[in-house]
Amino acid sequence: MSEAQIPLDLGHRPALSDGDFLVAPCNAEAHAWLKRWPNWPGPSSVVYGPAECGKTHLAHLFVAVSGAVTLSGAALTVADPPRLLGQARAVVVEDCDRGSLDEAALFHLINLTKESCGFLLLTGREAPSRWKVRLPDLRSRLNAMPALAIGAPDDEVLAAVLVKLFADRQVKIGEELVTYLLGRMERSFAAAAGLVERLDHAALAGRRAVTVPLARSVLEQGDD
């Protein structure tokens, strides 16, 4: 790879097609499970993992093949289940363990999904067994669902993630920059996303290319 040219502030939209998903040991099981749809053994499943690990990307892939409607756990209300399943055969509820959750609404949605022969995909950062759910019947339903984990990335995955995140922003980077960042960054998807955002903003502000010297400057500022 060659060094990047000075980027333009064109905004960015993550590439969320199946071909853009980086299949790796940390996410292969979850990816394979969603690819099995509609041949799931039951109507509902959970995908969970840390921030920025690809849960939303997988949810988009599920929506693309199933025609599912999607909303956040915090937005789900008791009036939603019949409306949602009246619109589509499948529903995605994201971030079920982030913010408030109407437990009665989710319980109703799970039951209605089964009764209507529909499908339901839930996402969260923690395993469903660790969600702060007080309703015993909902706890029982969640514990019975297949739960697919997305694990921590290794260096190979992080390198690919960095390249993709910059590409989403129309920024090409050099191999030497990837190597430099891998030796100095926190080993997480969220850290990769935050670092790419910081470097992109710094490059735009200074009208500079995204290179090792820029990365060194940004990281040193973060250490102050």
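Residues numbered from 1 in each chain as written. Predicted model: local features only at pLDDT ≥ 70, side-chain atom pairs only at ≥ 80, totals over all residues. Heavy atoms only, no water.

A.B. asks: So, helix α2 (residues 55-66): which residues are in play, and what are the values?
C.D. replies: The α-helix winds at 3.6 residues per turn, so residues separated by three or four positions along the chain end up facing the same way. Between its first and last C-alpha atoms α2 spans 16 Å; for twelve residues at 1.5 Å apiece the expected length is 16 Å, and the two agree. Those residues of α2 not exposed but buried are Lys 55, His 57, Leu 58, Ala 59, Leu 61, Phe 62 and Ser 66. As for α2, its buried residues are in contact with α1 (28-35), β1 (44-48), β3 (90-94), β4 (119-124) and α6 (155-168). (Helix = DSSP H or I, 4+ residues; strand = E, 2+ residues; numbered from the N terminus. Expected span 1.5 Å × (residues − 1). Buried < 20%, exposed > 50% of the residue type's maximum accessible area, 1.4 Å probe, protein only. Contact = heavy atoms within 4.5 Å.)

A.B. asks: Before we move on, could you go through the pattern of salt bridges and cite the residues and values that matter?
C.D. replies: On inspection of all chains with the given rule, the structure shows five salt bridges. For the salt bridge of Arg 83 with Asp 80, the shortest nitrogen-to-oxygen distance reads 2.5 Å. Of the two residues, Arg 83 and Asp 80 both sit in helix α3 (residues 80-87), three residues apart, roughly one turn of that helix. Between Asp 200 and Arg 169 there is a salt bridge, with its nearest N and O atoms 2.9 Å apart. Here the residue Asp 200 occupies a position in helix α8 (residues 189-206), and Arg 169 occupies one in the loop between α6 and α7 (175-182), the gap between them amounting to 31 residues. There is no split in this pair, since Asp 200 and Arg 169 are both buried. (Salt bridge = Lys/Arg side-chain N within 4 Å of Asp/Glu carboxyl O.)

A.B. asks: Outline the packing of aromatic side chains, listing residues and values.
C.D. replies: By the definition in use, this model includes five aromatic pairs. With 5.5 Å between their ring centres and 10 degrees between their planes, Trp 40 and Phe 62 make a pair best called stacked. Highlighted residues: Trp 40 in the loop between α1 and β1 and Phe 62 in helix α2, separated in sequence by 22 residues. Look at Phe 62 and you get buried, because its relative accessible area is 1%. When the centroid spacing of 5.9 Å and the interplanar angle of 80 degrees are considered together, the rings of Trp 40 and Phe 119 count as edge-to-face. With Trp 40 in the loop between α1 and β1 and Phe 119 in strand β4, this residue pair connects regions lying 79 residues apart in the sequence. For the pair Trp 40 and Phe 119, one class covers both residues: buried. In textbook terms, an aromatic cluster arises when at least three aromatic residues are bridged by ring pairs, as seen for Trp 33, Trp 37, Trp 40, Phe 62 and Phe 119. (Phe/Tyr/Trp six-rings, centres within 6.5 Å; stacked < 30°, edge-to-face > 60°.)

Honestly, it's all geometry; don't read function into it.
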